[in-house]
Amino acid sequence: MKAGRHTLQEILSQGQAWEKSLPSIENQTERFIGWLEKPWNEMVFIGCGSTYYLSISAASIWQSITGISARAMPSSELWLFPNKAITNKPSILVAFSRSGETSETISAIQRYQEQQGDDCLSITCNADSQMARISPQLLEISHAKEISVAQTRAFTSMFLSILYLACKSSGNTKLIDEIKTLPTTFERVIGNYSSMARKLAENPNLTHFVFLGSGANYGLACEAMLKMKEMSLSPSDAFHFLEFRHGPKSMVTPNTLIIGFISDSARDEEVKVLSEMRALGAEVLALVEKKEDLQADYIVELNSGVSEDIRSLVMLPILQLMAYYRSISKQLDPDRPKNLDAVVKL
Ligand code: F1P
């Protein structure tokens, strides 16, 4: 069987998966929207690996859209250190897991239920899972199921669901309309930039990949870093944009590709970091809504026309594709990353 067949199909079908998932998310949300709107003091998002990185971005976006305090942590922190993890009661737990079977996430939900009652929502691609059985509230994203080990469309589709929930629970219909435009933007960005992603992935001089993102983009930068590691076994790092100056920049060489997720809110400061890294010899790829006068070696211009909280999701697929192409160019199989299983069961 052709290496990477499933991963490629899952990356390229994300727009369709979002399109199909949205009506189902809307329907399911009716069941628990009143519960979600209760006066919770805090939302706590958990997951492992990709779904932990998803939690980081979800917490940032939830707080920005709803105004309710939100935090993210790996499932293991809540499971093993519950007293340190939960402070601001009443809180609500939102757990992400593609498989619904990751042991740490199941144990964290159980620990949370023992200590807090049953205020928990699980978001998964697998309704026939242990997670679904133990969770009082469930949101299933069935159109995003995957065969590959590395998550791609499952990640972005679960992200889409939390965007929708945040907008719905704050009554922001303008943002909900914006979400509905994302599949079209996805198709355009993939269509315009997949050859650029391939060229960068196949460049043997690039041996170190650094993903920079701040605010909600930090979780996405981490996820892009994880894709590059899992699929292509390439040294990759992720940092908050301005943190990169505080030590990590000493690793920059002409073989480094810096990939910046540029926000609107902090654009000027983020662009300065990219310029400094170019001056140190790195190659720079910027992902940005409008390129305007931005200086970079490579630019992915989104032109989404939607708010920054909604659009950041569309920055990820082109980088998933870059990881896929790099894996293929190293004669690896992106469908089956080395040493990895789709689910970690302890
Ligand atoms: C989480 C996860 C994946 C990762 C790895 C092991 O799974 O960490 O993100 O790629 O293969 O599992 P899940 O809880 O979201 O199913």
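Below is a short write-up of the structure. This structure is a prediction, so every number in the text was calculated from the model and none was measured. (Residues numbered from 1 in each chain as written. Predicted model: local features only at pLDDT ≥ 70, side-chain atom pairs only at ≥ 80, totals over all residues. Heavy atoms only, no water.)

**Here we look at the overall build of the protein**
Part 1 of the reasoning: Along its length, the protein carries 14 helices and 10 strands.
Part 2 of the reasoning: With the C-alpha coordinates of the protein rotated into their principal frame, the extents come out at 55 × 45 × 40 Å.
Part 3 of the reasoning: In the protein, buried positions account for 60% of the 346 residues.
Part 4 of the reasoning: Counting contacts in the protein only where the partners sit at least 6 residues apart, residues at least 24 apart contribute 74% of the total.
Part 5 of the reasoning: For the protein, the accessible surface area stands at approximately 13,700 Å², while carbon and sulfur atoms represent 49% of it.
Part 6 of the reasoning: Mean positive and mean negative side-chain charge positions of the protein (34 and 39 charges, respectively) differ by 4 Å. (Helix = DSSP H or I, 4+ residues; strand = E, 2+ residues; numbered from the N terminus. Buried < 20%, exposed > 50% of the residue type's maximum accessible area, 1.4 Å probe, protein only. Contact = heavy atoms within 4.5 Å. Areas by Shrake-Rupley, 256 points an atom, 1.4 Å probe, with all protein chains shown as cover. Lys, Arg positive; Asp, Glu negative; His and termini not counted. Charge placed at Lys NZ, Arg CZ, Asp CG, Glu CD.)

**Looking at the pattern of salt bridges**
Part 1 of the reasoning: Per the counting criterion, the structure on display carries 17 salt bridges.
Part 2 of the reasoning: Across the salt bridge formed by aspartate 264 and arginine 311, the nearest N and O atoms sit 2.8 Å from each other. Here arginine 311 lies in helix H13 (residues 308-311) and aspartate 264 lies in the loop between strand E8 (256-261) and helix H12 (267-279), a separation of 47 residues in the sequence.
Part 3 of the reasoning: Residue aspartate 264 is classed as partly exposed on the basis of its relative accessible area of 44%.
Part 4 of the reasoning: You can call arginine 311 buried: its relative accessible area is 4%.
Part 5 of the reasoning: Residues joined by salt bridges that share partners form a network here, namely Glu223, Lys227 and Glu230. (Salt bridge = Lys/Arg side-chain N within 4 Å of Asp/Glu carboxyl O.)

**Quick notes on the site of the ligand**
Part 1 of the reasoning: Close to the ligand lie 14 residues; Ser97, Arg98, Ser99, Thr102 and Asp341 are nearest.
Part 2 of the reasoning: Aspartate 341 has a polar backbone atom sitting 2.7 Å from an oxygen atom of the ligand.
Part 3 of the reasoning: For the ligand, whose free accessible area comes to 390 Å², the fraction covered by protein is 96%.
Part 4 of the reasoning: Its residues assigned to classes, the shell around the ligand comprises four nonpolar, seven polar and three charged. (Near = heavy atom within 4 Å. Polar contact = N/O pair within 3.5 Å; in protein donor to acceptor, adjacent residues only side chain to side chain. Nonpolar A, V, L, I, M, F, W, Y, C, P; charged D, E, K, R; others polar.)

**With respect to helix H14 (residues 316-329)**
Part 1 of the reasoning: Compared with an ideal rise of 1.5 Å per residue, which puts 14 residues at 20 Å, H14 spans 20 Å between its outermost C-alpha atoms and is within 8% of the ideal.
Part 2 of the reasoning: A large share of H14 lies buried, amounting to 12 of its 14 residues.
Part 3 of the reasoning: Where H14 is concerned, the buried positions are Leu316, Pro317, Ile318, Leu319, Gln320, Leu321, Met322, Ala323, Tyr324, Tyr325, Arg326 and Ser327.
Part 4 of the reasoning: Following H14 by one or two positions, glutamine 331 has its phi on the positive side, about 55 degrees. (Expected span 1.5 Å × (residues − 1).)

Worth remembering: the numbers are spatial, not functional.
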